[in-house]
Amino acid sequence: GERGPRERRGARAGGEAAAPGAGGPSRPAMAEGPQGGADVPLLQGASPEGPPAPRWKLLGRGLGWLRGEGPPREGAPPRKEFGGGGGVLLIMAFSHVLPYYLLGCLEQNHGRPLGPATFAKRLPRILWHARPTGFSVCVYLGFILVEGVLAAVMPGVVVKGRPIPPDGRQLSYLCNGLTCWYFSLVLVTVLHFSRLLPLSSIVENYGALLTTAVLFADAVSVALYVAPLAAGSATRMTGNPLYDFFMGAALNPRLGPVDLKMFAEIRVSWMLLFLLTLSAFKENLEHGGSCKWNLSLVLIAHGLYTNACMKGEELIPMTWDIFHEKFGFMLIFWNLAGVPFVYCFPSLYIAGNPQQVLSSPWYSGALLAVLLAAYYVWDTANSQKNRFRAQQMGLPLRGVWAFPQLPWGTLRDPKWLDTASGSKLLISGWWGMARKIHYTSDFVMSMVWALACGFGSPLPYVYPVFFLVMITHRVVRDEARCKQKYGSDWERYKAAVPHLFIPGVF
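Residues numbered from 1 in each chain as written. Predicted model: local features only at pLDDT ≥ 70, side-chain atom pairs only at ≥ 80, totals over all residues. Heavy atoms only, no water.

Caption draft 1: The overall build of the protein chain, seen in detail. Regarding its fold elements, the protein chain presents 16 helices and 7 strands. For the protein chain, the proportion of its 506 residues judged to be buried stands at 58%. For the protein chain, the computed accessible surface area is about 20,000 Å², with 67% contributed by carbon and sulfur atoms. (Helix = DSSP H or I, 4+ residues; strand = E, 2+ residues; numbered from the N terminus. Buried < 20%, exposed > 50% of the residue type's maximum accessible area, 1.4 Å probe, protein only. Areas by Shrake-Rupley, 256 points an atom, 1.4 Å probe, with all protein chains shown as cover.)

See below:
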């Protein structure tokens, strides 16, 4: 029978645990349950939503007046997200304008904002200078091809995903992110020193590479919308073509052994972001290195984030993105183009505007200390939760050799609350201090990215401000859903962990 809530200590391998996926975000809202719940195994050493980013999914939430009408079909979402067809149209337009607006600000206004009229007037020139070239096509598509081959052949661990309705089938995933990541770093080093592909040439062709990525992402979005429709395998369609194109028609499209959705979210987005920042760093060194301290800081930040995604890849098949989210324009565009080419703005701003940046080893050193402290909390908090879940499910703790392994990443004597739903809510370690402490540390890291740029322009601060709005929205949503799911057990959990973001404060 069902057990009432009670405190338990001493997690042991093989102990009872709720079935993975009992809960359910979207990117970035994958964590459907509370931080310590066993509902959705999350990424070890990375964001609880899987690789950080794309945080664009909040856009359109407030356009409720544009929602589709009519009752949902059985098993369909209760309502259209993002304001339905009208909302997603605005998001798709914004997604195409934003990268070129940032590019125009960088190239024509020293990274400072351009007025709408000025930007509209200069847009044709911006687009012309950012047209694809033979170099951009070869480099971008070559990167996709090489990483795709590596994803198919490099050694790794094979894990099963969550059962997929309606037949409960489980897909297998070859999780070899770390070996591909390390091999790619060696390959990039060889290409650079052999002069076949100097690192600085990447950022020097940023505009052309951006447009190549945008066009490729659009083409993939169309192909993966049309193909399932033609094959009769489209999933959870609403009947609104615009909305369905945005959300996707295919759930788990594959090319051989490679899951295209997981490949785009992990390999393309974050690895390409790191390479763009690395290229900006190298170019700055070639021009005197006046901002080497600031760029070193951003490079470390992006390197740690990318590495965390790779070392925790085997936990991603159980996340909401892979299990439930369809692979449509939203995920395709932002993972193939948006995340790498928008999130690298701090790197390009610093490299292109050294006179506006506070370049001091002391300033960068102070920010580095903040970054590492925040990363420690973020990495170990997620590690505590994921290893607790693995222990409860009787799974081996794979990947413990991956760098870095930090103290307090595993709770030796965890404490939890049992609930009537069967989930176990972790209330010790970082999760006994604050219910959303991983959001706090993630936000602090995003602020470090911006602060590394100094205070000469507000544009580097767009990302952390947007992230703050997003996590505030998500907390409200999660609190409501968890209260509905856990009932009185949720109140007991909140009494055990009363603080939300900052231990002992808030």
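Caption draft 2: View of a nonpolar patch on the surface. A contiguous nonpolar surface patch, about 290 Å² in accessible area, is contributed by Leu145, Val149 and Val153. Structurally, Leu145 can be placed in helix α3 (residues 134-153). With a relative accessible area of 57%, Leu145 lands in the exposed category. (Patch = residues over 30% accessible without salt bridge, like charges linked within 9 Å, V, L, I, M, F, W, Y side chains within 5 Å. Salt bridge = Lys/Arg side-chain N within 4 Å of Asp/Glu carboxyl O.)

Caption draft 3: Representation of the packing of aromatic side chains in the model. Tallying each qualifying case throughout the model produces 25 aromatic pairs. With 6.2 Å between their ring centres and 35° between their planes, Phe246 and Phe329 make a pair best called tilted. Residue Phe246 is found in helix α7 (residues 241-247), and its partner Phe329 is found in helix α11 (residues 329-343); the two are separated by 83 residues along the sequence. The exposure class assigned to Phe246 is buried, which follows from its relative accessible area of 1%. Here the aromatic rings of Trp449 and Tyr463 are separated by 5.3 Å at their centres, their planes lie at 15°, and the arrangement is stacked. Residue Trp449 is found in helix α14 (residues 437-451), and its partner Tyr463 is found in helix α15 (residues 462-486); the two are separated by 14 residues along the sequence. For Tyr463, a relative accessible area of 14% translates into the label buried. Ring pairing ties together the aromatic residues Trp270, Tyr305, Tyr343, Tyr375, Trp378, Phe443, Trp449, Tyr463 and Phe467, which thus form one cluster. (Phe/Tyr/Trp six-rings, centres within 6.5 Å; stacked < 30°, edge-to-face > 60°.)

Caption draft 4: Inspection of the nonpolar core at higher detail. Counting residues in each nonpolar core, the largest one holds 111 residues, and the members touching the most others are Tyr140, Phe246, Phe341 and Ile350. For this core, the leading source of residues is helix α8 (residues 260-286), giving 15 residues. Other than its neighbours up to four places away in sequence, Phe246 contacts Phe82, Val88, Ile91, Met92, Gly328, Phe329 and Met330. Within the second largest apolar cluster, 10 residues are counted, among which are Val377, Leu411, Trp431 and Ile437. (Core = buried A, V, L, I, M, F, W, Y, C linked by side-chain atoms within 4.5 Å. Contact = heavy atoms within 4.5 Å.)

Caption draft 5: Geometry of helix α6 (residues 206-231). In this model, α6 (26 residues) spans 37 Å end to end at C-alpha, consistent with the 38 Å of a helix rising 1.5 Å per residue. Where α6 terminates, the next one or two residues include Gly232, which has phi positive at roughly 75°. (Expected span 1.5 Å × (residues − 1).)

Caption draft 6: Geometry of the pattern of salt bridges. What the rule picks out here adds up to 7 salt bridges. A salt bridge links Glu286 to Lys282; the shortest N-O distance between them is 2.8 Å. Taken together, the residues span about one helical turn, with Glu286 and Lys282 both in helix α8 at a distance of 4 residues. According to the relative accessible area criterion, Glu286 is partly exposed, its value standing at 39%. The partner of Lys424 in a salt bridge is Asp418, with the nearest N and O atoms 2.9 Å apart. Across the pair, Asp418 and Lys424 agree in class, each one buried. The network of salt bridges with common partners includes Arg435, Glu479 and Lys494.

Caption draft 7: Local environment of the environment of Cys138. Along the chain, the position of Cys138 falls in helix α3. Placed 74 residues apart in sequence, Cys138 and Thr212 show a C-alpha to C-alpha distance of 9.7 Å.

Caption draft 8: Representation of the side chain of His192 within the structure. Relative to the elements of secondary structure, His192 occurs in helix α4 (residues 177-193). The class for His192 is buried, based on a relative accessible area of 8%. Beyond its immediate chain neighbours, meaning those up to four positions away, His192 contacts Leu197, Pro198, Leu199 and Lys282.

Caption draft 9: Expanded view of α11. The first and last C-alpha atoms of α11 sit only 18 Å apart over 15 residues, clearly below the 21 Å expected at 1.5 Å per residue. For α11, the principal kink sits at Asn335 and spans about 50°. A large share of α11 lies buried, amounting to 15 of its 15 residues. (Bend = angle between axes of the 7 residues up to and from the residue.)

Caption draft 10: Expanded view of the confidence of the model for the protein chain. Summary statistics for the protein chain give a mean pLDDT of 81 and a share of 82% for residues scoring 70 or more. Taken as a whole, residues 1-78 scores under 50 in pLDDT and shows 291 contacts with residues more than four places along the chain or in a different chain. (pLDDT = per-residue confidence, 0-100.)

Caption draft 11: Local environment of unusual backbone geometry. Positive phi, normally seen in glycine, also occurs at Arg195, with a value near 70°. Along the chain, Arg195 falls in the loop between α4 and α5 (200-204). Phi is positive for Arg236, close to 50°, though the residue is something other than glycine. Considering the arrangement of structural elements, one finds Arg236 in the loop between α6 and α7. Given the relative accessible area of 25%, Arg236 is considered partly exposed.

Caption draft 12: Here's a closer look at the environment of Ser441. Inspection of the secondary structure assignment puts Ser441 in helix α14. Residue Ser441 is classed as buried on the basis of its relative accessible area of 5%. Between the C-alpha atoms of Ser441 and Ala381, which are 60 residues apart in sequence, the distance is 9.6 Å. Apart from the residues lying within four places of it in its own chain, the contact partners of Ser441 are Ala374, Val377 and Trp378.

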